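Tertiary structure, described
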Amino acid sequence: MRFGILGETRAWHDDGTEVPLGGPARRALLALLLVRPGEVVPSDRLAEEIDPDAAPSAHALQSQVSRLRTALGSAAAIERAGAGYRIVVADDAVDACRFERLAGQGRTALRDGDAVRAVALLREALELWRGPALAEVAESGTAQAAAVRLEELRLGALEDRFEGELRLGEHRAAVAELRELVGRHPLRERLAGLLMRALFAAGGQAEALVVFEETRRHLAEELGADPSAELVALHREVLNTDASPSLAGPPAQLTSFVGRDEEIAEVADRLRTARLVTLIGPGGVGKTRLSVEVAGVVADEVCFVELAALGDGAGPARAVLGALGLREHGLQMGDPARTPVDRLIAALSDRVLLLVLDNCEHVVEEAAALAARLLAACPRLRVLATSREPLGIIGENLHQVRPLDGDAAVRLFGDRAAAVRRGFAADPSLVRRVCAALDDLPLAIELAAARLRTLDLDDLAGRLDDRLGVAARGSRTAHDRHRTLRSVVAWSWGLLSESEQRAARRFTVFAGGATAESALRVCGADGETLESLVDKSLLEVSRGRFRMLETIRAYGAERLDEAGERESARRAHARHVLDLVRAADPHLRRAEQLDWLPTLVAEHENVLAAMRWAVETPDVATALELLASAATYVWIRGASASAAPHAISLLAAIGDAFPAGLGEEYATCVLLAASDRTTWRRHRATAERALAAAWAGDRPGRYPAALLLWMMRNAIEADSRSAFALVSSLRDCPEPWARAVVQYVSGFGALGERDSAAAERAFGEAVEGFRSLGDRWGTALTLDILAGLAGGSGDRARAIALTDEALALTGRLGALEDSADLLVNRGDHLAADDPAAARADYSEAADLARRAGSSTCLAAALRGLGDIALLEEDRAEAERLYAEALERIDPHWIKSLGNRVRILVGLARVAESRGDRATARARYREAAENAAVLGPSASDALRLLGLPASVTEAVSRR
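**A few points about the overall build of the chain**
In terms of regular secondary structure, the chain is built from 45 helices and 12 strands. In terms of its C-alpha atoms, the chain occupies a principal-axis envelope of roughly 110 × 90 × 60 Å. The buried share of the chain, reckoned over its 958 residues, is 54%. For the chain, contacts bridging at least 24 residues in sequence account for 69% of all contacts bridging at least 6.

**Considering the sheet that holds strand S9 (residues 381–387)**
Hydrogen bonds along the backbone pair up the strands of a sheet, which may run parallel or antiparallel. Strand order in the open sheet formed by five strands is S7-S8-S9-S6-S10, and the pairing between neighbours is parallel. In this open sheet, the two edge strands, each paired with only one partner strand, are strand S7 (301–306) and strand S10 (396–400). Neighbour-to-neighbour, the strand axes of this sheet turn through a mean angle of 20 degrees, independent of strand direction. Examined bridge by bridge, strand S6 (residues 276–280) and S10 share five bridges and lie parallel to one another. What sits directly across from leucine 276, in S10, is glutamate 396.

**Focus on the side chain of serine 492**
Along the chain, the position of serine 492 falls in helix H20 (residues 478–494). Filtering out sequence-adjacent residues up to four positions away, serine 492 remains in contact with Leu447, Arg451, Lys536 and Leu538.

**Structural notes on the environment of aspartate 784**
Relative to the assigned elements, aspartate 784 resides in helix H36 (residues 776–792). Along the primary structure aspartate 784 and asparagine 825 are separated by 41 residues, whereas in three dimensions their C-alpha atoms are 8.6 Å apart. Separated by 3.0 Å, the side chains of aspartate 784 and asparagine 825 make a polar contact.

**Let's talk about the sheet that holds strand S4 (residues 77–81)**
An order of S3-S5-S4 is seen for the three strands of this open sheet, with the pairing classed as antiparallel. Edge positions in the sheet fall to strand S3 (41–42) and S4, since each of these pairs with one other strand and no more. Bridging between S3 and strand S5 (residues 84–88) involves two bridges; their strand directions are antiparallel. Within the sheet, the bridge partner assigned to proline 42 lies in S5 and is glycine 84. Packing of helix H3 (residues 58–72) onto the sheet brings it into contact with S4 and S5, and relative to S4 it is tilted by some 150 degrees.

**Describing the packing of aromatic side chains**
Applying the stated criterion to the full structure yields 11 aromatic pairs. On the numbers, 5.5 Å between centres and 85 degrees between planes, the contact of phenylalanine 99 with tryptophan 129 is edge-to-face. Taken together, the residues phenylalanine 99 in helix H4 (residues 95–111) and tryptophan 129 in the loop between helix H5 (115–126) and helix H6 (141–167) connect sequence positions 30 residues apart. Ring geometry for tyrosine 744 against phenylalanine 763: centres 6.0 Å apart, planes inclined by 70 degrees, an arrangement best described as edge-to-face. Of this pair, tyrosine 744 sits in helix H34 (residues 736–752) while phenylalanine 763 sits in helix H35 (residues 756–773), and the two are 19 residues apart along the sequence. With respect to class, tyrosine 744 is no different from phenylalanine 763; both count as buried. If you follow arginine 559 out to its NZ or CZ, it ends over the ring of tyrosine 555, 4.5 Å from the centre. Between arginine 589 and the ring centre of tryptophan 737, over which it is positioned, the NZ or CZ distance is 5.8 Å.

**A short note on the nonpolar core**
Phe3, Leu72, Ile87, Phe99, Tyr744 and Trp777 are the most contacted members of the largest nonpolar core, which has 206 residues in total. Among all residues touching tryptophan 777, those that are not within four sequence positions of it are Leu331, Gln593, Thr632, Trp635, Ile636, Ala705, Leu708, Leu709, Trp737 and Leu813. Formed by 71 residues, the second largest nonpolar core is a distinct cluster that contains Val294, Val302, Val356 and Ala448.

**Observations regarding unusual backbone geometry**
In this structure, the amide linkage connecting threonine 617 to the following residue, proline 618, adopts the cis form with an omega of -10 degrees. Positive phi outside glycine occurs at asparagine 359, with the angle close to 65 degrees. Assignment of secondary structure puts asparagine 359 in the loop between strand S8 (353–358) and helix H15 (364–377). Here glutamate 873, not a glycine, exhibits a phi torsion of approximately 65 degrees, which is positive. Within the secondary structure layout, glutamate 873 lies in the loop between helix H40 (855–871) and helix H41 (875–888). What makes glutamate 873 exposed here is its relative accessible area of 63%.

**Here we look at the pattern of salt bridges**
Under the defined criterion, the tally for this structure stands at 64 salt bridges. For glutamate 165, the salt bridge is made with arginine 161, and the minimal N-O distance between the two is 3.0 Å. You can see glutamate 165 and its partner arginine 161 sitting in helix H6, four residues apart, about one turn around the helix. Sharing partners across several salt bridges, the network here consists of Arg107, Glu152, Glu159, Asp160, Arg188 and Arg190.

**Some remarks on the side chain of glutamate 565**
Among the structural elements, glutamate 565 can be located in the loop between helix H24 (550–562) and helix H25 (566–584). Since its relative accessible area comes to 14%, glutamate 565 is described here as buried. Filtering out sequence-adjacent residues up to four positions away, glutamate 565 remains in contact with Arg502, Arg505, Arg506 and Leu560.

**Focus on helix H30 (residues 663–672)**
The periodicity of an α-helix, 3.6 residues per turn, causes residues three or four places apart in sequence to face the same way. Within H30, 10 of the 10 residues are buried, leaving the element largely enclosed by the surrounding structure. Restricting attention to buried positions, one finds in H30 the residues Gly663, Glu664, Glu665, Tyr666, Ala667, Thr668, Cys669, Val670, Leu671 and Leu672. Tucked into the core, H30 has its buried residues touching helix H28 (620–637), helix H29 (640–654), helix H31 (677–694) and helix H32 (705–715).

**Let's talk about a negative patch on the surface**
Where like charges cluster on the molecular surface, the negative patch consists of Asp261, Glu262, Asp405 and Asp407. Here aspartate 405 lies in the loop between S10 and helix H16 (406–420).

**Considering the pairing of S8**
Within S8, six of the six residues are buried, leaving the element largely enclosed by the surrounding structure. Alternating residues of S8 divide into Leu353, Leu355 and Leu357 and Leu354, Val356 and Asp358, and every residue in both groups is buried. Inspection of the sheet shows S7 paired to S8 by six bridges, in the parallel sense. Within the sheet, the bridge partner assigned to valine 305 lies in S8 and is leucine 357. Taken together, the five bridges between S8 and S9 define a ladder with parallel strand orientation. Residue pairing for S9: valine 356 is matched across the bridge by leucine 384.

**A few points about the packing of helix H22 (residues 516–523) against H25**
Their axes nearest at 9 Å, the elements H22 and H25 cross at an angle of 140 degrees. Comparing the axis directions of H22 and H25 gives the class oblique. As H22 packs across H25, the resulting crossing turns out to be right-handed. For the pair H22 and H25, contact is made by Ser518, Arg521 and Val522 and by Ala569, Ala572, His573, Arg575, His576 and Asp579, respectively. For the contact of H22 with H25, the per-class residue count stands at three nonpolar, three polar and three charged.

**Let's talk about the confidence of the model for the chain**
Summarising the model, the chain shows a mean pLDDT of 85, and 90% of its residues fall at 70 or more. In this model residues 470–475 is a low-confidence stretch, pLDDT under 50, and it forms eight contacts with partners more than four residues away in sequence or in other chains.

**Describing helix H26 (residues 593–602)**
Of all the residues in H26, the buried ones are Gln593, Leu594, Leu597 and Leu600. With its buried residues spanning 120 degrees around the axis, H26 presents them on a single face. Contact partners of the buried residues in H26: H25, helix H27 (604–616), H28, H36 and helix H37 (796–812).

**Things to note about the environment of glutamate 929**
Its place among the elements puts glutamate 929 in helix H43 (residues 917–931). Since its relative accessible area comes to 52%, glutamate 929 is described here as exposed.

**Side note on the environment of leucine 455**
One can find leucine 455 in the loop between helix H18 (442–450) and helix H19 (457–468). Note on leucine 455: relative accessible area 8%, which makes it buried. What leucine 455 contacts, discounting residues up to four positions off in sequence, is Arg421, Leu460, Arg463 and Trp491.

Parameters at a glance
- Residues numbered from 1 in each chain as written.
- Predicted model: local features only at pLDDT ≥ 70, side-chain atom pairs only at ≥ 80, totals over all residues.
- Heavy atoms only, no water.
- Helix = DSSP H or I, 4+ residues; strand = E, 2+ residues; numbered from the N terminus.
- Buried < 20%, exposed > 50% of the residue type's maximum accessible area, 1.4 Å probe, protein only.
- Contact = heavy atoms within 4.5 Å.
- Pairing = 2+ DSSP bridges.
- Axes fitted to C-alpha atoms, helices over the stretch in contact; angles between N-to-C directions.
- Polar contact = N/O pair within 3.5 Å; in protein donor to acceptor, adjacent residues only side chain to side chain.
- Phe/Tyr/Trp six-rings, centres within 6.5 Å; stacked < 30°, edge-to-face > 60°.
- Lys NZ or Arg CZ within 6 Å of the ring centre and 35° of its normal.
- Core = buried A, V, L, I, M, F, W, Y, C linked by side-chain atoms within 4.5 Å.
- Salt bridge = Lys/Arg side-chain N within 4 Å of Asp/Glu carboxyl O.
- Patch = residues over 30% accessible without salt bridge, like charges linked within 9 Å, V, L, I, M, F, W, Y side chains within 5 Å.
- Areas by Shrake-Rupley, 256 points an atom, 1.4 Å probe, with all protein chains shown as cover.
- Lys, Arg positive; Asp, Glu negative; His and termini not counted.
- Charge placed at Lys NZ, Arg CZ, Asp CG, Glu CD.
- Parallel < 35°, antiparallel > 145°, perpendicular 65-115°, else oblique.
- Left-handed = near helix turned anticlockwise from the far one by under 90°.
- Nonpolar A, V, L, I, M, F, W, Y, C, P; charged D, E, K, R; others polar.
- pLDDT = per-residue confidence, 0-100.
- Arc of directions from axis to C-beta.

Written out as structure tokens, the structure reads:
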């Protein structure tokens, strides 16, 4: 017989049938006896615990024992022993005893390094649990103590199992269960550490840091304790891991590469001596595939940039920024003086990288100018370009990509034919004849081979002879080969059914590919049609997205025009994109923002293409709604500059006479266009009135992010009072995210009135509002301010903790510039007590700033390193660092003003230490003049900047 007390008390015969035990008193009695099989349990304890509401009765207990004996029969003996009873069964017959044995063996195996055996044993142990231990025994007395002990052992076994699974690399599967357990046991540090490790292994460095901060806060609030040394060490390990942005690698290739092995080696060898190599040749000759293969053999980091999707006026520099994983600006208002090219130069100036620019012919002049600028400014950069024509810049090394040689063409045809017709075998001379008719062009060969699913090779050869007019040919020019490829594309297209042709030509409106759902909706097709186009090599599928090769796309676009469907297809595409960004917008201010951001990033080129069509048509309503619905995304993503040209063009076309009911959309459009000073000045007043009208009354507006962005944009201006009044008036707004924005803005109002207590209350309410919604954007912005206030009041420990939490959030959002800024802030909080830790933060910030292409954040990090050098009395190094920082910082951008003041103060102190009082006075005076830009006096301005009292005093007394 087997017994179970890990859940409801149960007993089973050896054949698995359950033993009827009777009522709750009898089950409780059996459970109490099974806690320690073979040990005597006193009668008075049994009587008290099986029925705590009744007076203990020896007669009642004896009656229950008798009935239990009858139920169990001879399989288990319940014996009277002295003043109590015991049950005589083997330990392993009881699930709790078996659990303890298996869990102990699993822990031993884990300690011995046998993770596979440990996990197997621990899983077997944990599967014995059916619910809470001793579930039917009163929650008091010895039973409760036994239950608590068993539950603690269960948690320990779970932790051991997770430990083993993490050692085996099963981190992704562990995250969800660990999250739930940490939520139920927030003070259990080992669980928190395991979740941190699982998240970190899964690429969630920022989320791991958030887990640490939440655990630290729970320990402090509930126990008044700090995290253990082990958890602190894990936190430091996670924190110090490189948070570099991920590069866009070459597109995944689903087919084998045939031929050109010598070409791969030749191009790779050229790149060792030439910094710019351009692969040129006609469409379909294999330039892109060759570049992918070359990228796979070089030793440098590789960033692959696809330029085919760029429309007219779209800059290659922004495409490169996106492929590098870089943002155009931080979470706050970006540096208006920094162009995408400036940021690229800053990011790549010291980086060893191969930049692959694919399909340059679409934007050849802009691509050539960009390559020339980057190569001149970034000495360790190399560029591999593909184009139908040379870039035409100094230093370009051309490699003509020619059709495959005869044998390679035959191998390619056979390889692709075998993929659609199992066991394909044919006369090599006939295959060679087909390939020759196709001018040995790889794309033409692939299109033709795909037709062997339905055609015999003889039939295919005859059709190609008829289509191409094949005869004996001499040498073929590039133009002739282009004509051949076009004929093959046309032939392959002509064999499509009407529904396939319609889907293929409508697919050409996509920029950068499409998901199956998007393709089905815009193309008006079904899944079978899309699969058929893939089978026939008109579409390809990579990483879950359908794509169309540019040569085929160009031909399909002509057919779209010919069918008179361009406008309807573009309109359907724009409406689909609008539906997507509309659906995403509210989620981007909630916890699910991290789920939606990758979706929108993948559709970024489609979003821009839809904007471009709506503005050019013009479809004013659609354009305004697209810009407004995408505003939160492009801002959090740091890509608002990519939407700015469309916003500027739209406003130039419509003036301030926006359609009725779209005032909020118009105001958001003005925000996106604000980088153009003329546009901003013309539309600012009208936009403010429109925004105020949209948020008046009981019903909230549709785009609450516009409120935060409006305040941030106006804060840059000399007079932001009207914007402050507008946002502050929405204190009772029913939209929770907007209320958090109001508190955030109110905090700055209190700071302006020098009421730090009121400011801290407002910012505290703001951060709780953002945090409760799961929004990392607003939370990070507000935590940064709260950390500055804590540091300013002398609570450096709290300032560091708040900064750590903000760092975790900006890291998760991919905001490297903001992370660098926060690292500098943390270094400032650490500098007085732990200069070594401060130096580490400044150094890490400098590295992040370089990789993010932010010279302003780099200047701040260099300033911090200068402070440490001055503290250590290394005046020459301090002066060098301050001078370099001063060269890099933007003197006209208000956000950088605080660091500029600190740099000037540092240089003044260096001069003072040398006895150069004249230079010191000049530097102090310059610092005071810079600080006074923000207020009526230097001291007030410096308080607003949140600078340390030592800096404030140093400037104010000069």
